[in-house]
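The residues making up each chain are set out below.
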Amino acid sequence: MTTNFLEQLNAAQRESVESVDGPVLIVAGPGSGKTRVITNRIAHLVLNRKVKPYNVGAVTFTNKASREMKDRLAPLLGENARLLTVGTFHSFCSMILRRTGENLSISNNFVIYDDDDQISAIKQSMKDVDVDPKQFNPRSVLSTISNSKSQLVNFAGFNSQKSNYYEEVVSKVFERYEDILSQGSALDFDDLLLKTHQLLTEFPDATKMYQDRFNYFMVDEFQDTNIAQYSIAKLITEISRNLCVVGDPDQSIYSWRNADIRNILSFQNDFPEAKIIPLEQNYRSSQNILGAAKNVISKNTQRVDKNLWTSNGKGSLISIDEAYDEEDEARRVIKEIQGLVDSGEYPLSDFAVMYRVNAQSRSFEIACRRFGIPYQIVGGVKFYHRREIKDITSYLRLILNPEDEISLTRIINVPPRGIGQRTLSEIYRLSRQTGKSLYESIVSVTSTDNLSHQLGNRAINSLNQFLSHIDQLKKASVSLNIMELIDLTVSETGYRKYIETDEKAEERLENIQEYRNSSREYSSVPALQGLVEFLEGISLISDIDGMEEDLDSITLITLHQSKGLEFPIVFITGMEEGLLPHIRSLDSGEPDELEEERRLCYVGMTRAEKQLYLTRAFRRGFRGTYEPTVPSRFLSDIPASLLVKNTSSPETDAPEIEMRDKMLRFRKDGSEKAISASLGNNSSLSHKNKQPTVPTRRTVNKIKVSNPTRKSNFQIGDKVRHGQFGDGIVMSSDPTGDDLQITVAFKDGGGIKKLLQSLAKLKKI
DNA sequence: AATTAGGCATTTTTT
DNA sequence: ATGCCTAATT
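Counting restarts for each chain, with residues numbered from 1 along the sequence as it is written. Both sets of labels track the order of writing: A upward for chains, 1 upward for ligands. Whole-chain, interface and lining totals are the exception, using all residues; otherwise, since this is a predicted model, local features are given only for residues with pLDDT of at least 70 and side-chain atom pairs are given and counted only at 80 or more. With hydrogens and water set aside, each side-chain value is computed from the structure's full complement of heavy atoms.

A cutoff of 4 Å decides nearness: a residue is near a molecule or strand if any of its heavy atoms lies inside that distance of it. Looking at DNA strand B, there are 27 residues lining it, with Asn-137, Arg-356, Ser-542, Gln-561 and Arg-584 nearest. For DNA strand B, the backbone makes up 53% of the atoms found within 4 Å of the protein, where backbone means sugar plus phosphate. Under the rule applied, a polar contact is a pair of N or O atoms within 3.5 Å (in protein, one hydrogen donor and one hydrogen acceptor; residues adjacent in sequence only if both atoms are side-chain atoms). Residue His-90 places a side-chain N or O atom 3.1 Å away from a base oxygen belonging to DNA strand B. Thr-558 has a polar side-chain atom sitting 3.2 Å from a phosphate oxygen of DNA strand B. We count a stretch as a helix when DSSP gives it H or I for four or more residues in a row; a strand needs E for two or more, and each element gets its number in order from the N terminus. Broken down by element, the residue count for the surface near DNA strand B peaks at three residues, all from helix α18 (residues 421–434).

Given below as structure tokens:
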């Protein structure tokens, strides 16, 4: 091995790589070779500074990123690469807690509750402490708790500083929630961090062990870490002070997940001696793209300006394309891609279509299928969140820990075995009365001499049946590997038979098959440990992890998920007020949130190497009705000199004729084009064995070109009569989809109602 | 106990 | 429009 990899770096990169002693902050602009710096830095540590790989730790944002890092290190370090500790913050913490969590009475077989489980646990907690889920949204309660935890405030802390009624309520739920989790030997995502932090502050022996081990520690995507994560990194490197963080404040897009951009400031305060190295040369994008992106981001007020530059050529101008609606938008994008692919210049894998919200993916999927363009969709309906998958996972968790009440209640009657509401609430009652767990209560209820319950023979039989399933699986679990265990679960519990009656049987069975396949890599691990690791694996996996770069397909992806990726040609779609920037950020009135939207846009734009398209639709469907749109403010931040001269697209307030023309053209195209076989797949695991799915027959005449109801029969100010609400005055009338929405203020306290002209037989009076 | 109908909230982004 | 939850039905 030689050091020649250093010679291929620019000055700043090289300095980043060679500055290994003491704290370092690398401010890495988009495309500045960040991953290369990190991997080379590790290689430099091991090869030139003779640091043992065992003493190096690096945390990344996703599993995918760590996998890539390991892949890149393998050729440089050979076998040594395996000895490095590279993972996400959450998997890093999970490792610590499995090894030394017993200090905090955490079982080393703990399971990790994902989103769904957390919501179930919150709902159960709310029920237990008599909080009405209609009055308090379980999701917001959870997010309050999560927010608290990620700032290192546990239940005790939260409880002692609650200051209003809402927080009092949350506190009650919080307490119960923690009980449910510990009952289930479960930690949620935030606990992984919170408990690790607790361990590292309260248990010097364990702490010392980790501090001695991780002499060199690196944090990637530092701008998207939360307080808990930063604190952990600080604790780990308290002695060595060899903490290197890499990030870009302009790419901070996860504040809603409690990431705290102030960490960057804190770092400079906490480590005043830190070396700060900006990486400002962009190797990814053309001058035009970089210029456009810089113009967008520069409108943010709360930022330090950077001097990003590139020696790349000017490249193509940026295109702004305007469509009639989201279907038309998708059609135009996919046709453009098809054209470029047909010209032979680009492979499919060069293209990414990005959007703000997952719901937008639908129209692109449909267009891809219609035009026969293979696509890879990142995210969407999460594989591990599908019902059949969650069900089997619950069984597996019960094998590990029958006290897990969230998993138990999920599957106690799945498949149906006659354990209904009545039976369950009786068990609950007994459990609360005796202080025993649900499982224990079931065991005691089914023992012959217990007469303290009010359950019929039938219920007892069903419960016995359930118990014997769990028993049998538990016994088998000590000798079977994970794959065999899944098979046994599916057959033994009658789950397979049950699923076969489902209308989506085929799809569900396929998913179970896929689940089984994904367990293969754990099958060589000893029985129980394999189970633990498999369960951890599926909890910590993310959608982006399933993405495959070299698949011959285009990529459909959210802007958030696109962070860290790059594509020769990028389409950012839905450039509309309310979508990007998202309505939530506008409603909140928080300028910070708007700035984050702008950063999100910036992240998307800077993914592009050669060509960037920004698209929008004149109108967009929202839960049933269509709304006219306003172009995103970010579009006007791009100087005209960087844009392709507008050729065909009309302006926002296009004349009616132009609009109709577009619609006609659309209709013609859509119905004439034959449906080609689709290579797309719709699972986040991206298995290639999906049969070509028949596209949803989306009838194009959904858009009616002429519709008599579009013309309003009512003028503002007209007096009208409604069968139910009585008399009122028309306030406004707006077209929605094919219909007209009439807003009427009714007399006699009837209030203001929005009515559809076609349905609400309004009479003029 | 299981099935069904109707009411209601929901959609930002995810380790 | 869709999906989840509750209430009503059998």
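A general feature of soluble globular proteins is that nonpolar side chains tend to end up buried together. Residues belong to one nonpolar core when they are buried, are Ala, Val, Leu, Ile, Met, Phe, Trp, Tyr or Cys, and are joined through side-chain atoms within 4.5 Å. Residue burial is assigned from relative accessible area. The probe radius is 1.4 Å, only protein chains are included, and a residue is buried under 20% of its type maximum, exposed over 50%, and partly exposed in between. Grouped together as the largest cluster of nonpolar side chains are 67 residues, with contacts concentrated most on Leu-396 and Tyr-515. Beyond its immediate chain neighbours, meaning those up to four positions away, Leu-396 contacts Ile-482, Leu-485, Ile-486, Thr-489, Tyr-515, Leu-531, Phe-534 and Leu-535. One finds Ala-293, Leu-565, Phe-567 and Leu-580 within the second-largest nonpolar core, a separate group that totals 37 residues. Every residue pair with non-hydrogen atoms within 4.5 Å of one another is taken to be in contact.

Moving on, we get to the pattern of salt bridges. Two side chains that carry opposite charge are able to pair once their charged atoms sit near each other. Salt bridge, as applied in this entry: a Lys or Arg side-chain nitrogen positioned within 4 Å of an Asp or Glu carboxyl oxygen. Per the counting criterion, the structure on display carries 43 salt bridges. Measuring nitrogen to oxygen at the nearest pair gives 3.2 Å for the salt bridge that ties Glu-596 to Arg-599. With Glu-596 and Arg-599 both in helix α26 (residues 591–605), this residue pair falls three residues apart, about one helical turn. Judged on exposure class, the residue Glu-596 and its partner Arg-599 are both buried.

Lys-123, Arg-623 and Gly-624 make up every residue found near DNA strand C. Interatomic distance of 2.6 Å between a side-chain N/O atom of Lys-123 and a phosphate oxygen of DNA strand C.

Attention now goes to the side chain of Arg-417. Tracing the chain through its elements places Arg-417 in the loop between α17 (405–411) and α18. Residues scored as charged are limited to Lys and Arg (positive) and Asp and Glu (negative), so that His and the chain ends carry no count. Although Arg-417 is buried, it makes no salt bridge; Glu-492 carries the closest opposite charge, 8.3 Å away. There is a polar contact of 2.6 Å between the side chain of Arg-417 and the backbone oxygen of Ile-412. Apart from the residues lying within four places of it in its own chain, the contact partners of Arg-417 are Tyr-395, Ile-411, Ile-412, Ser-462, Gln-465, Phe-466, His-469 and Thr-493.

Along helix α1 (residues 11–18), the residues classified as buried are Gln-13, Ser-16 and Val-17. Each buried residue of α1 lies within a common arc of 95° when the element is viewed along its axis, so the set occupies one face. Turning to α1, the residues buried within the fold contact β1 (24–28), α2 (34–47) and β8 (275–279). Here α1 starts with a cap whose side-chain oxygen sits 3.1 Å from the backbone nitrogen of Ala-12, and that cap is Asn-10. Think of the arc as the fan of directions from the helix axis to the C-beta atoms.

Moving on: the sheet that holds strand β3 (residues 85–88). Overall, parallel pairing links the six strands, which are arranged β3-β2-β6-β7-β1-β8 in an open sheet. The two strands at the open ends of the sheet, each matched to only one other strand, are β3 and β8. Each neighbouring strand pair of the sheet contributes to a mean axis angle of 15°, computed without reference to strand direction. Here a strand pair is declared whenever DSSP counts at least two bridges between the two strands. Sheet analysis places strand β6 (residues 216–219) next to strand β7 (residues 243–247), joined by three bridges and oriented parallel. Its bridge partner being in β7, Met-218 is matched across the sheet by Cys-244. In the packing of α1 onto the sheet, contacts are made with β1 and β8, and the angle to β8 comes to roughly 145°. For helices, the fitted line uses only the C-alpha atoms of the stretch in contact; every axis is such a line through C-alpha atoms, and the angle between N-to-C directions lies from 0 to 180 degrees. Of the strands in this sheet, β1, β2 (56–60), β6, β7 and β8 are in contact with α2, which crosses β6 at around 175°.

Before going further, it helps to examine the packing of helix α16 (residues 387–400) against helix α24 (residues 527–540). The contact between α16 and α24 brings their axes to 11 Å, and the two run at 135°. The pairing of α16 with α24 is recorded here as oblique in orientation. Here α16 and α24 pass one another in a crossing that is left-handed. Residues Thr-393, Leu-396, Arg-397, Ile-399 and Leu-400 of α16 lie in contact with α24, whose contacting residues are Leu-528, Leu-531, Val-532, Phe-534, Leu-535, Ile-538 and Ser-539. As a working rule, the residues Ala, Val, Leu, Ile, Met, Phe, Trp, Tyr, Cys and Pro are called nonpolar, Asp, Glu, Lys and Arg charged, and the rest polar, with Gly in that last group. Classifying every residue of the contact of α16 with α24 by side-chain character gives nine nonpolar, two polar and one charged. Here is the rule for angles: anything less than 35 degrees is roughly parallel, anything more than 145 is roughly antiparallel, 65 through 115 is roughly perpendicular, and the remaining ranges are oblique. By convention the crossing between two helices is left-handed if the near helix lies anticlockwise of the far one by an angle smaller than a right angle, and right-handed if it lies clockwise.

In plain terms, two cysteine sulfur atoms within 2.5 Å form what is called a disulfide here. Under the defined criterion, the tally for this structure stands at zero disulfides. Looking at Cys-244, it has no disulfide partner, and the nearest cysteine sulfur is the one in Cys-93, 18 Å off.

For chain A, the mean per-residue pLDDT works out to 83, and 83% of the residues sit at or above 70. Per-residue confidence from the predictor is reported as pLDDT, which spans 0 to 100. Least confident of the elements in chain A is helix α27 (residues 656–672), whose mean pLDDT is 36; most confident is β6, at 97. Confidence over residues 734–740 falls short of pLDDT 50; this stretch has 30 contacts with residues more than four positions distant or in other chains. Here residues 753–761 is a poorly scored stretch, pLDDT under 50, and it has 32 contacts once near neighbours within four places are set aside; other chains count.

Turning to the packing of aromatic side chains, a few remarks are in order. Only the six-membered ring of Trp is used, alongside the rings of Phe and Tyr, when aromatic pairs are assigned; centres must lie within 6.5 Å, and planes under 30 degrees apart are stacked while those over 60 apart are edge-to-face, with the rest tilted. Tallied over the entire structure, the rule returns 18 aromatic pairs. Ring centres of Phe-61 and Tyr-254 lie 4.9 Å apart, and the angle between their planes is 45°; this geometry places the pair in the tilted category. Residue Phe-61 is located in the loop between β2 and α3 (63–77), and its partner Tyr-254 is located in the loop between β7 and α12 (262–270); the two are separated by 193 residues in the primary sequence. Taking the relative accessible area as the measure of exposure, Phe-61 reaches 22% and is therefore partly exposed. With a relative accessible area of 8%, Tyr-254 lands in the buried category. Arranged with centres 4.3 Å apart and planes meeting at 10°, the rings of Phe-571 and Tyr-613 form a pair that is stacked. Within this pair, whereas Phe-571 is found in strand β13 (residues 567–572), its partner Tyr-613 is found in strand β14 (residues 608–617), the two being separated by 42 residues in sequence. Directly above the aromatic system of Tyr-626 lies the positively charged group of Arg-619, at a separation of 3.8 Å from the ring centroid. Throughout this description, the term charge over a ring refers to an Arg CZ or Lys NZ atom that lies within 6 Å of the ring centre and within 35 degrees of the ring normal.

It is worth spelling out the pairing of strand β9 (residues 319–323) at this point. Sheet faces and side chains relate simply in a regular strand, where the side chains alternate between the two faces. The element β9 is extensively covered by neighbouring structure, given that four of its five residues are classed as buried. Examined bridge by bridge, β9 and β14 share five bridges and lie parallel to one another. Bridged to Ser-319 within β14 is Tyr-613.

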